[in-house]
Each structure stands twice: as C-alpha cells, then as structure tokens.
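One letter stands for each residue in the lines below.
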Amino acid sequence: MSRIAYVNGQYLPHESAGIHIEDRGFQFSDGVYEVCEVRAGRLIDARLHLDRLDRSLRELRIAPPMARGALLVVLNETVRRNRVREGLVYLQVTRGIARRDHGFPAEGTPASVIVTARALNPTANEAKAAKGVKVISVPDNRWDRVDIKTVGLLPNVLAKQQAREAGAFEAWFIDADGHVTEGASTNAWILTADGALVTRPAETGILRGITRTVLMEVAAAEGLKVEERPFTIAEALRAREAFVTSASSVVLPVIAIDGQPIGNGHPGLVALKLRSRFHDFAEAGV
Ligand code: PMP
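None of the values given here were measured: they were computed from a predicted structure.

**Q** Whenever I open this one, the pattern of salt bridges confuses me. Can you help?
**A** For side chains bearing opposite charge, pairing can occur when the charged atoms are close. All chains considered together, the criterion is met by 23 salt bridges. Between Arg 142 and Asp 140 there is a salt bridge whose closest N-O contact spans 2.9 Å. Between Glu 182 and Arg 142 there is a salt bridge; the shortest N-O distance is 2.8 Å. Of this pair, Glu 182 sits in strand β9 (residues 180-183) while Arg 142 sits in the loop between β7 (133-139) and α5 (154-165), and the two are 40 residues apart along the sequence. Here Glu 182 matches Arg 142 in class, with each residue buried. Taken together, the shared-partner salt bridges connect Arg 55, Glu 59, Arg 145 and Asp 147 into one network.

In structure tokens:
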C-alpha cells in the first residue's frame, strides 16, 4: 500500500510529497514538530502533544497554522489514509515559505504544515524492551532552549549516530556540571538503590517529554517516589535500574552506560512494569 503525506492542505503520495526550497524549516530549521504514538489506530496523548506544540509555536512567535480541531482531523486522517494501526504520526510546522532572509517574513506568510504517519512493528518493539538498550554519554553542546521542540536537531543527530557507531541505542547528553540532561531523542531516568525514581527537572536542559509527564502518574499509582533532580553518570552506574522514555519507544530499559552494566545488566523489573502500565494512563484517541 502506498504511503500518503499531508502537505499544506493536500494529501499527496509520500514519494512525491515535497516542500518549497525556500521553506524556512529547510533553510533555517525555523520550525517545530511533534511525534505522537499511534495505537490501535488511535493517537496517544494527542491533547498533551498539541498543548506542547502550542507552547513551542508561542515561544518562537509562529502563528498557529490552524485550529486544534482541524489539526486533529488532519492527524487522524493521515493515520487513516496510511492504515497505520501501530506506529507514529509526525507533525511539523515551520514559519513558512519566503525569500531567504534571517528576520521573520512578512506578516500573514502562512506557516507550512506537514504530517506523515508510519507503521512500527509492535513485536519488534516489545523484543527491544525485553532485551534492553545500551547508552553512551556525550557532552551536551546544544543551545539553552531545548525546552522548545524545534526541528534544529543537529547535535541530537550527531549524538545518535555516535551512539549507533558504538553499538548503542541512545546517547545521554552531559551538561557542564557533569549532570545528565536527556537522551538525543528520549528523557533519561534512573531507579536508585533505595527505590526512588530520579529524572531531571524539566525547567532547564531538557524537553518536557509527554511520556515523562504521563509516567509520573504511572509511578505514583505504583507507589514509587519520584525525585525530580539532576543526576550524574556515576550515580546512574550505581543505580538499580535505568531507562529512557519517549512517544516512539514508550519505556525502554537501559542495561549499560558507556560499556558498564546497570544493575545486573538485564532490563529492570520496575522499568518493564512502568512500560506495561503506561497505556492504562495515556489518553487514546481524540
Ligand atoms: N527529549 C528529546 C530531545 C526528544 O527528542 C524526545 C522525543 N520527542 C523526548 C525527550 C521525549 O519526549 P516525548 O515523550 O514527548 O516523546
């Protein structure tokens, strides 16, 4: 079945879907995005993702391209046209198409909106979680507005590639104080020896992950204490468990950091429990 992409008002065959060369997303990374999980054909936590999109747009002073209801129709329609049951939907909004000039284009220049959807293999994802993933650490060389979900992801791209070349799934960024900020495309967590879940506060240095937010509720329901505070790689290496969260991976246990095993070197039971309960707390379908 051929894939379909939404581009500025039209549903187009994926292979021929394109955007103008002077789109500001292409020229300046002047845009934002969201990735939502799709489960049983329904968007997961779309409301929270669209709240974050609104915030990202506001922070960059990009006018919302359409009302939330219309955007939800496009997201759901793209999922439907691609017959995605289990997978992801990707949404990107840029400051539109205009002659190349760093300053903002003329008032009224329409934002560009693209939406794509693709299927993921749930069996392969479960197998990945059952096996656990490896992480490397890299210096955090990003700008200080990583709370905005912009398409400017070059440090993340380079870090992820470095991880792959080291046989790892993810790279954890380390800030100037030696604390873990987050992964190249995930939030980072540990479970300490005394049973507290620790993740960095979302005020600085990280993207406030939607999965992270919802997982706080799962943790509370499981009677786990959550400490929002920075942690170091040394503390992570002493932890009982470590894991990463994102809409595309939900919860993935981390079994090694920089080649050193975490806990007994196998996926942590708490991480797997949180993963198995996540969708009891996530909102499906709006
Ligand atoms: N941090 C970064 C840098 C990310 O790219 C992502 C994934 N979009 C996350 C954290 C996790 O966010 P979410 O749970 O909303 O997918």
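**Q** Where do I start with the site of the ligand in this structure?
**A** In the vicinity of the ligand lie 18 residues, with Lys 149, Glu 182, Ile 210, Thr 211 and Ala 247 positioned nearest. A distance of 2.9 Å separates an oxygen atom of the ligand from a polar atom in the side chain of Arg 52. At 2.6 Å, a side-chain N or O of Glu 182 approaches a nitrogen atom of the ligand. When the free accessible area of the ligand is taken as 390 Å², the share hidden by the protein chains comes to 93%. Where the shell around the ligand is concerned, the elements lending two or more residues are α2 (46-60), β9, α6 (210-221) and β13 (241-246). Within the shell around the ligand, the residues separate by chemical class into five nonpolar, ten polar and three charged.

**Q** How do you make sense of a nonpolar patch on the surface when you look at a structure like this?
**A** Together, Leu 154, Val 157 and Leu 158 give the surface a local cluster of nonpolar side chains, amounting to about 310 Å² of exposed area. Residue placement: Val 157 occurs in helix α5.

**Q** Whenever I open this one, the side chain of Thr 211 confuses me. Can you help?
**A** By the secondary structure assignment, Thr 211 is in helix α6. Apart from residues lying up to four places away in sequence, Thr 211 is in contact with Thr 245, Ser 246, Ala 247, Val 250 and Phe 278.

**Q** Even after reading the chapter, I still don't get the sheet that holds strand β4 (residues 42-43), so can you show me in this structure?
**A** In a beta sheet, neighbouring strands are held together by backbone hydrogen bonds and run either parallel or antiparallel to one another. Here we have six strands laid out as an open sheet, ordered β2-β1-β6-β5-β3-β4, and antiparallel in their pairing. Unpaired on one side and paired on the other, β2 (10-13) and β4 mark the two borders of the sheet. As paired strands, strand β1 (residues 4-7) and β2 are joined by four bridges and run antiparallel to one another. By the bridge assignment, Ile 4 is partnered in β2 with Pro 13. Along the sheet, α2 contacts β3 (31-39), β4 and β5 (87-94); its crossing angle with β3, the most-contacted strand, is approximately 175 degrees.

**Q** How do you make sense of the packing of α6 against helix α8 (residues 269-281) when you look at a structure like this?
**A** Two measures define how a pair of helices packs: the angle their axes make with one another and the distance between the axes. Two elements in contact, α6 and α8, have axes whose closest approach is 9 Å; the angle formed by their N-to-C orientations is 105 degrees. As summarised for this structure, α6 and α8 are arranged roughly perpendicular, according to the angle between their axes. Each of Thr 211, Val 214, Leu 215, Glu 217, Val 218, Ala 219 and Ala 221 in α6 lies in contact with α8, whose residues at this interface are Leu 274, Arg 277, Phe 278 and Phe 281. Each residue belonging to the contact of α6 with α8 can be placed in one class, and the counts come to eight nonpolar, one polar and two charged.

**Q** I would appreciate a short explanation of the packing of aromatic side chains in the present structure.
**A** One pair of aromatic rings is described through two measures. These are the centre distance and the angle between the planes. Applying the stated rule across the entire model yields four aromatic pairs. Where Tyr 6 meets Tyr 11, the ring centres are 5.3 Å apart and the plane angle is 65 degrees; that geometry is what we call edge-to-face. The ring centre of Tyr 11 lies 4.0 Å from the NZ or CZ of Arg 81, which sits over that ring. The ring of Phe 104 is capped by Arg 95, whose NZ or CZ atom sits 3.7 Å from the centre of that ring.

**Q** Help me out: how do you make sense of the pairing of strand β12 (residues 225-228) in this one?
**A** A regular strand places its side chains on the two faces of the sheet in alternate fashion. Both strand β11 (residues 196-199) and β12 contribute to a ladder of four bridges, which runs parallel. Counted as the bridge partner of Val 198 is Glu 227 from β12. A crossover links β11 with its parallel partner β12, the connecting element being α6, and its sense is right-handed.

**Q** Sorry if this is basic, but what is going on with the side chain of Arg 142 here?
**A** Overall, the relative accessible area of 14% leaves Arg 142 in the buried class. In this structure the side chain of Arg 142 is engaged in a polar contact, spanning 2.8 Å, whose partner is the side chain of Glu 182. Among the polar contacts listed, one links the side chain of Arg 142 to the backbone oxygen of Gly 205, at a separation of 3.2 Å. Filtering out sequence-adjacent residues up to four positions away, Arg 142 remains in contact with Pro 155, Asn 156, Phe 173, Thr 181, Glu 182 and Gly 205.

**Q** Would you mind showing me how to read the domain arrangement of the protein chain here?
**A** Accessible area lost during the coming together of the parts is what is often quoted as the interface size. In terms of domains, the protein chain is made up of domain 1 (4-120) and domain 2 (125-281). For domain 1 and domain 2, the distance between their C-alpha centres works out to 26 Å. With 21 residues of domain 1 at the interface, the matching set in domain 2 holds 19 residues. When domain 1 packs against domain 2, the two sides together hide about 1700 Å² of surface, and 63% of this comes from carbon and sulfur. Contact with domain 2 buries surface across domain 1, with Tyr 33, Glu 37 and Arg 52 losing the most and accounting together for 32% of the total. For the pair domain 1 and domain 2, the interface holds two salt bridges. There are eight residue pairs in polar contact (both at pLDDT 80 or more) connecting domain 1 and domain 2. Where the side of domain 1 that touches domain 2 is concerned, the elements lending two or more residues are β3, α2 and β5. Looking at the side of domain 1 that touches domain 2 residue by residue, the classes come out as nine nonpolar, five polar and seven charged.

Parameters at a glance
- Residues numbered from 1 in each chain as written.
- Predicted model: local features only at pLDDT ≥ 70, side-chain atom pairs only at ≥ 80, totals over all residues.
- Heavy atoms only, no water.
- Salt bridge = Lys/Arg side-chain N within 4 Å of Asp/Glu carboxyl O.
- Helix = DSSP H or I, 4+ residues; strand = E, 2+ residues; numbered from the N terminus.
- Buried < 20%, exposed > 50% of the residue type's maximum accessible area, 1.4 Å probe, protein only.
- Near = heavy atom within 4 Å.
- Polar contact = N/O pair within 3.5 Å; in protein donor to acceptor, adjacent residues only side chain to side chain.
- Areas by Shrake-Rupley, 256 points an atom, 1.4 Å probe, with all protein chains shown as cover.
- Nonpolar A, V, L, I, M, F, W, Y, C, P; charged D, E, K, R; others polar.
- Patch = residues over 30% accessible without salt bridge, like charges linked within 9 Å, V, L, I, M, F, W, Y side chains within 5 Å.
- Contact = heavy atoms within 4.5 Å.
- Pairing = 2+ DSSP bridges.
- Axes fitted to C-alpha atoms, helices over the stretch in contact; angles between N-to-C directions.
- Parallel < 35°, antiparallel > 145°, perpendicular 65-115°, else oblique.
- Phe/Tyr/Trp six-rings, centres within 6.5 Å; stacked < 30°, edge-to-face > 60°.
- Lys NZ or Arg CZ within 6 Å of the ring centre and 35° of its normal.
- Right-handed = clockwise from strand over helix to strand, strands pointing away.
- Domains from an automatic or database assignment.
- Buried area = accessible area lost by both parts, 1.4 Å probe.

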